[in-house]
Amino acid sequence: MAADPHNVPDFKTRIAKALGDERLRGAVRYTADNLRTKRNAVVADLNEQAAQRMAIGSFAELRRQARRIKEHTLKHLDYYLEQAAERIRQNGGTVHWAGSAADVVRIAEEIAERRQAKRVIKSKSMASEEVMFNHALEAKGVEVVESDLGEYIIQLAHETPAHIVIPAIHKTRRQIADMFGAVAGRELTTDTPTLTKFARETLRKKFMAADIGVSGANFLVAESGTICLVTNEGNGRLTTSVPPVHVAIVGIEKLVPTLEDLAVVLGLLPRSATGQKITTYFNMITGPRRPGEPDGPEELHVIFLDNGRTNLLGSKYEEALMCIRCGACLNVCPVYRNIGGHAYGSIYPGPIGSVISPLLNDLGAWTDLPQASSLCGACHEACPMGIHLHEHLVSLRMDTVAMGKADPGFTRVMKLWMAAWRRPAIYRMAAKLGRVAMRPFVKKRADGTEVAESLPGPFAAWTNTRNFPPIASRTFHERWSDLEKEGKR
Amino acid sequence: MKVSLFITCLADHFYPEVGEAVVHLLRRYGCEVDFPPNQTCCGQPAWNTGLEDEARAYARAYIETFENSEYVVMPSGSCAGHVRYYYPQMFKDDKEMYRRACAVADKTYEFSQFLVNVLGVRDVGARFPAKVVFHNNCHMQRELGVFEEPLTLLRHVRDLELLDNPRYDLCCGFGGAFSVKMPEISTAMADERLGIYVGTKADIIVSCDGGCLMHMGGRAERQGLPVRTMHLATLLWEGVKSNGR
Ligand code: SF4
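Residues numbered from 1 in each chain as written. Chains lettered and ligands numbered in written order. Predicted model: local features only at pLDDT ≥ 70, side-chain atom pairs only at ≥ 80, totals over all residues. Heavy atoms only, no water.

A. Seen up close, the packing of helix 2 (residues 22–51) of chain A against helix 12 (residues 259–274) of chain A. Residue and element names in this part refer to chain A. Running from amino to carboxyl end, helix 2 crosses helix 12 at an angle of 140°, the nearest separation of the two axes being 6 Å. The orientation of helix 2 with respect to helix 12, classified from their angle, is oblique. Here Leu-35, Lys-38, Arg-39, Val-42 and Leu-46 of helix 2 lie close against helix 12, whose contacting residues are Arg-271, Ser-272, Ala-273 and Thr-274. Among the residues forming the contact of helix 2 with helix 12, the class breakdown is four nonpolar, two polar and three charged. (Axes fitted to C-alpha atoms, helices over the stretch in contact; angles between N-to-C directions. Helix = DSSP H or I, 4+ residues; strand = E, 2+ residues; numbered from the N terminus. Parallel < 35°, antiparallel > 145°, perpendicular 65-115°, else oblique. Contact = heavy atoms within 4.5 Å. Nonpolar A, V, L, I, M, F, W, Y, C, P; charged D, E, K, R; others polar.)

Below, the structure written as structure tokens:
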């Protein structure tokens, strides 16, 4: 994983690589479209049911409620964190506080050392990706195996997730069958039963031999100290109940105050993520195994992760902490669907990634990401939490300029242009000058129309791939006096 | 009814006929049209590239120019969205300017929005034999909330076949400065968008925004695609003229 932007080639190179990879783009678009279509259908369904008073609310109503819940939680986050910590302890768990990624790793290493752990099985968790968990533990000689099918695929490929929900979105079936085949030592067909059977058999052995199970948390209910996991494969359940130790890495923004609040956000997550009303598995974990219980871990650890999150509290970006990591914004993003997740160079791709990667790390090192958007707003429209993602991107551009970290050449040109154009006389004059300056580059076509096919300097960025229209022989400003007279006639 | 025109910088420089069409159509419904000569641009380019102070200066100029107008109408959903949605936000810490920004924002309309919602027009009396797909400008549908209005007008054009837009939510990749800052992604987006439109077998992509039209039109031409672009106002006015008014 590349938390450090200097470990990855520069953004332009990453984009070029992604755009040149037709197979990757095809796979990403295909799955993103699928998810988007399913989401739209299930949202329409919910709205219909709500209209007939058969659901707790329409999508818009759930979204409003969810925002209210999150606004409240974030405003009183210290209170709810303390409440959650106390409940977890009462339930027999251990609570750890991790200010940084390194803290998580240190805490996990301590647990592993004390338990003399050799093998860790992990359920899918973006927080663990964020802190580069696998990498750190493997360096200590601990084997880490991903139990989620998608995560397992990218682990075999030595890659990072390309999507928040569908880590292997960029892989085709053929690629997956080849990778699994290499592990199995035989040729595998590309049908789903064969691939899942292989993964299941391989992973079962890993589950049974694991010393520690690591999970994240989709939500954590403060009033009961309950860790909530939403999965479709049941791997989350095995990960958190088979090994003798369960470690949950939980971003501090994952809290919801009560079980009723949980019902609201849970109504939004699977619908937005995969277009499902509910997922196949939903686990609520409240404490380790109690005396007399047949299963569950002996030890339960919750590591609360900050890693830059508290900086957002009370800032204009606080809203970004409402994110429930559903990935809906990625699926509708016209940029993401064309370049895939890895081009972003950050563990969180797509619109939400372009917002939080600079915020959680260092804007100065991630100035490219907020630029990589046409600001179409599809992300905001799709986001179940109604996060104003495209507005935050603009805001980050403003911060970039204010920090003096914006592309200097481009910013200078924009500033000059904007300063000049503000004056009506100069604005009108500019049309005349522009017409003259463009003349050598304008071609007359057979039908009498004109076109510019290659322009110099910064304009080449347009004309390399697109024709440009010439400035009209008479602008509207210049035509107005005639139009005005015509109106008086 | 008095209507002040705001002619966006793209329409002014590259598509003045769009402005003319708007004038003619508004007059057809009895509007007295004026064009304050001291207008320039709405400042959206400054805002979107992170030049907050410059963007605010444009907003201030727009507010001063139009605050005594009865209505302001412009042939761009994106610019109208910018005025309506962002101008008040820009002055949220300055009570007096905020009030003025809201007042101007409230009377600012995109052209089709004004025609349908204020003038109550559905059928402008045009005839235009072509297969047309309507391209929803992102800011127009999401920030301005205008979606049905242009479709209503197009549905009433005689001999025009309005095709379904299979992905009305998908951006064409223009994005103002984005198109030159990230030209590769921007072009890829145009190709995807155009591919879908060519698939509908449309002759013309119609939109309410010069930016989308310039972008898709420029790419379609370069690639030799069998589809052209046209502003809604131009189409309607040409349709009216050819229908003998
Ligand atoms: S920003 Fe919104 S849409 Fe995107 S992942 Fe988060 S909750 Fe989902």
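B. Here's a closer look at the sheet that holds strand 7 (residues 204–207) of chain B. Residues and elements named next belong to chain B. Strand order across the open sheet formed by four strands is 6-5-7-8, with parallel pairing between neighbours. Strand pairing shows two members of the sheet lacking a second neighbour, strand 6 (158–163) and strand 8 (228–231), which therefore form its edges. The average angle at which neighbouring strand axes cross in this sheet is 40°, direction not considered. As paired strands, strand 7 and strand 8 are joined by four bridges and run parallel to one another. Of the residues in strand 8, the one forming a bridge with Ile-204 is Arg-228. Running at roughly 140° to strand 5 (residues 127–135), helix 11 (residues 183–199) makes contact with strand 5 and strand 7 of the sheet. (Pairing = 2+ DSSP bridges.)

C. Highlighting the confidence of the model for chain B. Chain-level statistics for chain B give a pLDDT mean of 97 and a share of 100% at 70 or above. Scoring the predicted complex yields pTM 0.95 and, for the interface, ipTM 0.96. (pLDDT = per-residue confidence, 0-100.)

D. Highlighting the side chain of Asn-467 of chain A. Note on placement: Asn-467 of chain A falls in the loop between helix 21 (460–463) and helix 22 (476–488). Polar side-chain contacts of Asn-467 of chain A include one of 2.8 Å to the side chain of Glu-221 of chain B. With near-sequence residues (within four places) excluded, Asn-467 of chain A lies in contact with Arg-445, Val-451, Ala-452, Glu-453 and Trp-462 of chain A together with Gly-218, Glu-221 and Arg-222 of chain B. (Polar contact = N/O pair within 3.5 Å; in protein donor to acceptor, adjacent residues only side chain to side chain.)

E. View of the packing of aromatic side chains. As enumerated under the stated definition, the model contains 24 aromatic pairs over all chains in all. When the centroid spacing of 4.9 Å and the interplanar angle of 80° are considered together, the rings of Tyr-85 of chain B and Tyr-86 of chain B count as edge-to-face. Cation over ring: Arg-466 of chain A sits above Trp-462 of chain A, and NZ or CZ is 4.7 Å from the ring centre. A cation over a ring is seen here: Lys-181 of chain B above Phe-410 of chain A, with NZ or CZ 4.6 Å from the ring centre. (Phe/Tyr/Trp six-rings, centres within 6.5 Å; stacked < 30°, edge-to-face > 60°. Lys NZ or Arg CZ within 6 Å of the ring centre and 35° of its normal.)

F. Local environment of the site of the ligand. All residues adjacent to the ligand are Cys-323, Ile-324, Arg-325, Cys-326, Gly-327, Ala-328, Cys-329, Ile-352, Cys-383, Pro-384, Ile-387 and Leu-389 of chain A. Tallied by class, the residues present in the shell around the ligand amount to ten nonpolar, one polar and one charged. (Near = heavy atom within 4 Å.)

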